[in-house]
Amino acid sequence: MFQFTYPGGHAGFLVVATCTHALVGYTLGSYLFDRGRAGLLAAVVADVDLLIPAAWGLPLAHRGITHSALAVAVAVAVAARRDRPTAGAVGVGYASQLLIDATTPMGIPLAYPLSSTFVGVTLHGHSPEATALLWLCCLGVLFYRRAARSDRAVALETR
């Protein structure tokens, strides 16, 4: 079984995993749709099921219906009532949460409720190494985006 190597044990792991989902969702929502907060919120909302006792099982317990394509579709449909960029940010943010979780040994029930089979590939997506790589990539993208905006602002001022 995969061993958690985060300070604070499983609780520390959950904090780091939630922050990672939030950062990835924010980065994608911000870079692709200029809606970072929508991407961040969507990337962490799937884990609301952590508040439900595991004994309840599918579809409510962790990695149940909130980790399915159906949940992504519902979230995007709700966000689409606001505007298309927000819906796009919600879509990529939520999908990023599922993609990261699909790289863990547990996988996700992507086709739930049509199938309760968990799918994924074991790449240890929440390992300290994968987490560090995700953080570096996201921070690099955000730094690049900020620098590009700053360069454009300077170019506009010098005209």
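Calculation notes
- Residues numbered from 1 in each chain as written.
- Predicted model: local features only at pLDDT ≥ 70, side-chain atom pairs only at ≥ 80, totals over all residues.
- Heavy atoms only, no water.
- UniProt positions renumbered as here; feature names shortened; annotations may be inferred.
- Helix = DSSP H or I, 4+ residues; strand = E, 2+ residues; numbered from the N terminus.
- Salt bridge = Lys/Arg side-chain N within 4 Å of Asp/Glu carboxyl O.
- Buried < 20%, exposed > 50% of the residue type's maximum accessible area, 1.4 Å probe, protein only.
- Arc of directions from axis to C-beta.
- Contact = heavy atoms within 4.5 Å.
- Axes fitted to C-alpha atoms, helices over the stretch in contact; angles between N-to-C directions.
- Left-handed = near helix turned anticlockwise from the far one by under 90°.
- Polar contact = N/O pair within 3.5 Å; in protein donor to acceptor, adjacent residues only side chain to side chain.

Naming follows an unreviewed UniProt entry, where the chain appears as Metal-dependent hydrolase of Natribaculum luteum.

A short note on the UniProt feature "transmembrane region" (unreviewed entry) in the chain
As recorded in UniProt, the feature "transmembrane region" (unreviewed entry) lies at residues 12-33, 40-58 and 132-148. Helix makes up 32% of residues 40-58 and strand makes up 0%, while its end C-alpha atoms are separated by 25 Å. The span residues 132-148 shows a helical share of 100% and a strand share of 0%, and its end C-alpha atoms are spaced 24 Å apart.

Points about the pattern of salt bridges
Counted according to the given criterion, the structure contains five salt bridges. Here Arg 145 and Asp 34 are joined by a salt bridge, their closest N and O atoms 2.7 Å apart. On the criterion of sequence distance, the pair formed by Arg 145 in helix H5 (residues 128-157) and Asp 34 in the loop between helix H1 (9-33) and helix H2 (36-45) is long-range, its members being 111 residues apart. Under the relative-accessibility criterion, Arg 145 is labelled buried at 14%.

Quick look at H2
What H2 keeps buried is the set Gly 36, Ala 38, Gly 39, Ala 42 and Ala 43. Burial along H2 is one-sided: seen end-on, the buried residues are contained in an arc of 165 degrees. Across from the buried face of H2, at angles greater than 90 degrees, the exposed residues are Arg 37 and Leu 41. Along its buried surface, H2 packs onto H1 and helix H4 (84-102).

Quick notes on the packing of H2 against H4
Where H2 meets H4, the closest approach of the two axes is 7 Å, and the angle between their N-to-C directions is 35 degrees. By crossing handedness, the relation of H2 to H4 is classed as right-handed. For the pair formed by H2 and H4, the contact residues are Ala 38, Gly 39, Ala 42, Ala 43 and Val 45 on the first element and Thr 86, Ala 89, Val 90, Gly 93, Tyr 94, Ser 96 and Gln 97 on the second.

Here we look at the environment of Ile 65
Summarising the element assignment, Ile 65 is placed in the loop between H2 and helix H3 (69-80). Linking Ile 65 and Ala 46, residues 19 residues apart in sequence, is a C-alpha distance of 8.8 Å. Setting aside residues no more than four positions away along its own chain, Ile 65 makes contact with Pro 59, Leu 70, Ala 71 and Tyr 112.

Description of the side chain of Thr 20
With respect to the helices and strands, Thr 20 occurs in helix H1. Its relative accessible area of 1% is what places Thr 20 among the buried residues. Looking at Thr 20, its side chain comes within polar contact range of the main-chain oxygen of Val 16, at 2.8 Å. Within polar-contact distance, the side chain of Thr 20 engages the side chain of Trp 135 at 2.8 Å. Setting aside residues no more than four positions away along its own chain, Thr 20 makes contact with Thr 131, Leu 134 and Trp 135.

Quick word on unusual backbone geometry
Cis geometry is found at the peptide bond from Tyr 112 to Pro 113, where omega equals 15 degrees. By the secondary structure assignment, Pro 113 is in the loop between H4 and H5. Even without glycine at this site, Asp 34 takes up a positive phi of about 55 degrees. Phi at Arg 63 is positive, roughly 65 degrees, even though this residue is not glycine. For Arg 63, a relative accessible area of 6% corresponds to the buried category.

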